[in-house]
Amino acid sequence: MRLKEALLRGQGREEFDELDSFLLGTVGGRAPGFPAAGPDALYERAEHRRVAHLLHSRAGREASGGIEVNRRFSRVMFDHNLRTWEEIAGAFADAGIRVAGVKGLFLGALLRRTADQARVTTDLDLLVDGRSLDAAMEVLASLGFVSGLDIKDHAFLRMSSRAIRELEAQQGSYGQVAPMARLLKLPEMDPVAEDIGRWLPGRKLVRTSAGVRSLSVVDLHFDMGHRDASGARHAIPAGELLDSAVTVRHGGTDVRTLDHATMTWLLCYRAYCDIALFGERRLKLFADITDLIRRGGWPSGAVEAAVARYPFIARPIEETLRFLREECAVDPGAWRNPGVRRDPGPRRDPAPPPATPATPATPATGRGTVLVCHGWGSEPGSSPWVGRLGGRLARRGMAVVELAPFAAAGDVPDLSEVAETLRERVEAARKDTGGAPVGLIGVSLGSAAALAAVAGGAAVDFLVTVGTVASADVGVTADGGPRELLARYGSGAGDDERVPFLTGQVRLGFLRDLVACAGGTDLGAVTSPVLVLSGGTDNEWRLRDAATVAAHAEARGDGSARRDFPAGNHTLDNAAVGTASAVLSWLTALGVLG
């Protein structure tokens, strides 16, 4: 089927109208100004065709309000996608999984597109070897990405279900797993929330009482292939494409993608498949291919080699070139040797080495130190993410020391005593490390002790709280919490009398100290940067405490942040890769790791 015929199929027209013709001219680099229909009508068609980014440079006195909203969204997603890629890339490298990206952010990196030039997308298309697919999905789950059907936000359950059904109904395509996603908060879009329904109708953005929300989606491709009319499968294994991957510095981040030649012929093949086989009607891939050809020429040798290896791509590429010549006035043959300066930036990198097991670390003079205070019933070495983080920090010159003061249920020290011990350990570490950074990580009940220690004068460079406890409600159950236990058992009883608490028994004196110490911590006295990590399956009291601590910290504007893992449990031990990567990325952003 000819591509133009496929684009028009089902639209009730035999020919492109004025706006479609104008957009094709824009793809080909022509059509200055605006058509007679006006900027608003042009924007609406461009957004429908997913080429609104081509109009960003036209924004001026005549600009459509839609162009301005789209451009704002483009800038927001440019930064967000870079941060998300950096997080995913670090986690995959730690797990020893090769990964690279295509289209969207990755093509933008290859072409050095700025935020204003970038095509707006909330999706990241990643290539992974089929043999690594299960491990890759586990890594994404650890980073808080879940299958669409498991996203519980009221605005997205229906949308995600529909998206997955549509993907599964595509009879022609295969080699892609159903997308994994996590909830994306977009406060930067709140000022234009009123305009979103009109100007960004297909972008999976919704307004809620808490602001603008979307989904951040990752599509995993283990093959770039299609099924023909007979049902036969034709595949380009992602593992083979990864052999042509390069690394490009983009927006201050190393982005791993395919080299220029491979990206060009692959997108030519995908353009035909998406339109003629899968029923897409957007022009975005033609705009991307045109940009690739202009900047890097037509890679005739690479295309011939690819066709020899994958004969089924020959006709799709031929049809794509025909469409570019006839409809967009782009002749790839004129760009075989364009005389452009080849960018020496992309570099080929070897596959990341397999992850090495974390080894226990001890303080050493001149090295930074991170003290980890575990919570109720936890032993040193019992947390998978702490072990993983320790191994990675050791390679960055920081030692992780684990403390487990609440391990022996029923025979635990008071919280205020643990806080004072932490303060003393921080002071000793300051002397031992010779000015290198010193930080605290508190997990569950250990976070209450860490917060109290820092509020009490522990001079740390950073504080991380996990399963945050900033009140006495750590042990709240259906039978009540520490206050209820004291009311029930404490009248006239001494501090040494034991009562049930969590998984064991504690002294009433412990509960009295817990209520006084955790509930009395002055969060305003915590002035070090704080990273608050929480799991979406934690209980409402600890999520409330996490929000309280994060609000105090983020108000200072010192780099403090909160990170949620929707599928994570209380201590995030089921999100080991993601938690370790989140801490490492945050410390890097703070400049603690140099």
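Before reading on, note that the structure itself is shown above.
Owing to the predicted nature of the structure, the values given are computational and were not obtained by experimental measurement.

Draft legend 1. Focus on the sheet that holds strand β17 (residues 530-535). Pairing is parallel in the open sheet, where 6 strands are placed in the order β12-β11-β13-β14-β17-β18. Two strands bound the open sheet, and with one partner strand each, they are β12 (398-403) and β18 (561-565). Each strand of the sheet is rotated relative to its neighbour by a mean of 15°, with strand direction disregarded. In terms of strand pairing, strand β13 (residues 438-443) meets strand β14 (residues 462-466) through 5 bridges, oriented parallel. Along β14, the bridge assignment pairs G442 with T465. Packed onto the sheet, helix α14 (residues 384-394) meets β11 (368-373), β12, β13 and β14 and runs at close to 155° relative to β12.

Draft legend 2. Looking closely at unusual backbone geometry. Despite not being glycine, R112 shows a phi value in the positive range, around 60°. Its location among the elements puts R112 in the loop between α5 (104-110) and β2 (123-127). Look at R112 and you get partly exposed, because its relative accessible area is 32%. At S444, a position not held by glycine, the phi torsion is positive, near 55°. Position of S444 among the secondary structure elements: in the loop between β13 and α16 (445-455).

Draft legend 3. Highlighting empty space enclosed by the protein. For the structure on display, the rule yields 4 cavities of 30 Å³ or more. Each pocket or cavity is described by its volume, and for the largest cavity that value is around 110 Å³. Lining the largest cavity we find 13 residues, and of these F78, G104, L105, A118 and R119 sit closest to its centre. Elements supplying a minimum of two residues to the lining of the largest cavity: α4 (65-95) and α5. By residue class, the composition of the lining of the largest cavity is 5 nonpolar, 6 polar and 2 charged.

Draft legend 4. Representation of the pattern of salt bridges. Considering all chains together, one arrives at 27 salt bridges under this definition. Salt-bridge contacts for R249 lead to D254; the nearest nitrogen and oxygen are separated by 3.2 Å. Residue D254 is classed as partly exposed on the basis of its relative accessible area of 33%. Across the pair D291 and R295 runs a salt bridge whose closest N-O atoms are separated by 2.9 Å. Of this pair, D291 and R295 both sit in helix α11 (residues 284-296), 4 residues apart, which is roughly one turn of that helix. In this structure D291 comes out as buried when scored by relative accessible area, which is 14%. The network of salt bridges with common partners includes R113, R119, D288, D291 and R295.

Draft legend 5. Just the packing of aromatic side chains, in detail. By the definition in use, this model includes 7 aromatic pairs. Ring plane angle 55° and centroid distance 6.2 Å describe the contact between Y310 and F312, whose orientation is recorded as tilted. Taken individually, Y310 and F312 each receive the classification buried, so the pair is uniform in this respect. Here a set of aromatic residues connected by ring pairs shows up, and it is made of W265, Y269, Y310 and F312. Of note, R563 hangs over the ring of F565, and the distance from its end group to the ring centre comes to 4.3 Å.

Draft legend 6. Broad picture of the environment of K185. Looking at the secondary structure, you find K185 in strand β5 (residues 180-185). Between the alpha carbons of K185 and S216 there is a distance of 9.4 Å; along the sequence they are 31 residues apart. If near-sequence neighbours (up to four positions away) are discounted, K185 is found in contact with V212, R213 and D564.

Draft legend 7. Main features of the nonpolar core. Membership of the largest hydrophobic core comes to 70 residues, with the highest contact counts inside it found for L186, M189, I236, W265, L266, I313 and I317. A total of 9 residues in this core trace back to one element, the largest contributor, which is helix α10 (residues 260-277). Filtering out sequence-adjacent residues up to four positions away, L266 remains in contact with V102, M224, I236, L241 and L258.

Draft legend 8. Molecular detail of the pairing of β17. Taken across its 6 residues, β17 has 6 buried, putting it largely inside the fold. The alternating pattern of β17 places V530, V532 and S534 on one face and L531, L533 and G535 on the opposite face, and all of these are buried. With 4 bridges joining them, β14 and β17 adopt parallel strand pairing. What sits directly across from V466, in β17, is L533. Strand direction decides the pairing type here: β17 and β18, joined by 5 bridges, are parallel. Residue pairing across strands places G535 opposite F565, the latter belonging to β18. Remark: the β17/helix α19 (residues 540-554)/β18 crossover connection has right-handed handedness.

Draft legend 9. Highlighting α14. Residues W385, V386, L389, G390, G391, R392 and L393 constitute the buried set of α14. Looking at the packing, one finds that the buried side of α14 touches α4, β11, β12, β13, β14 and α20 (576-590).

Draft legend 10. Region of interest: α19. If you check α19, its first and last C-alpha atoms are 21 Å apart, about what 15 residues at 1.5 Å a residue would give, namely 21 Å. Among all positions of α19, only R542, D545, A546, V549, A550 and A553 are buried. The buried residues of α19 all sit within an arc of 130° when viewed along its axis, so they share a single face. Close packing links the buried residues of α19 with α16, β17 and β18.

Draft legend 11. Structural context of the packing of helix α17 (residues 482-489) against helix α18 (residues 508-520). Close contact between α17 and α18 brings their axes to 10 Å; oriented N to C, the two are set at 135°. As summarised for this structure, α17 and α18 are arranged oblique, according to the angle between their axes. Considering how the two elements wind past one another, α17 and α18 form a crossing that is left-handed. For the pair α17 and α18, contact is made by P482, R483, L485, L486 and Y489 and by L508, L511, R512, L514 and V515, respectively.

Draft legend 12. Spotlight on the packing of helix α15 (residues 415-432) against α16. Where α15 meets α16, the closest approach of the two axes is 8 Å, and the angle between their N-to-C directions is 60°. Regarding the angle of α15 to α16, the classification is oblique. The way α15 lies across α16 gives a crossing that is right-handed. Facing L415, V418, A419, L422 and R423 of α15, the residues of α16 in contact are L445, A448, A449, A450, A452 and A453. The class makeup of the residues in the contact of α15 with α16 is 10 nonpolar, no polar and 1 charged.

Quick notes on the rules
Residues numbered from 1 in each chain as written. Predicted model: local features only at pLDDT ≥ 70, side-chain atom pairs only at ≥ 80, totals over all residues. Heavy atoms only, no water. Pairing = 2+ DSSP bridges. Helix = DSSP H or I, 4+ residues; strand = E, 2+ residues; numbered from the N terminus. Axes fitted to C-alpha atoms, helices over the stretch in contact; angles between N-to-C directions. Contact = heavy atoms within 4.5 Å. Buried < 20%, exposed > 50% of the residue type's maximum accessible area, 1.4 Å probe, protein only. 1 Å grid on protein atoms, 1.4 Å probe; cavity = no way out; pocket = protein on both sides within 12 Å on 5 of 7 lines; lining within 4 Å. Points joined across faces, edges and corners; volume = space filled by probe spheres on them. Nonpolar A, V, L, I, M, F, W, Y, C, P; charged D, E, K, R; others polar. Salt bridge = Lys/Arg side-chain N within 4 Å of Asp/Glu carboxyl O. Phe/Tyr/Trp six-rings, centres within 6.5 Å; stacked < 30°, edge-to-face > 60°. Lys NZ or Arg CZ within 6 Å of the ring centre and 35° of its normal. Core = buried A, V, L, I, M, F, W, Y, C linked by side-chain atoms within 4.5 Å. Right-handed = clockwise from strand over helix to strand, strands pointing away. Expected span 1.5 Å × (residues − 1). Arc of directions from axis to C-beta. Parallel < 35°, antiparallel > 145°, perpendicular 65-115°, else oblique. Left-handed = near helix turned anticlockwise from the far one by under 90°.

By themselves, these are just geometric observations and shouldn't be taken as functional.
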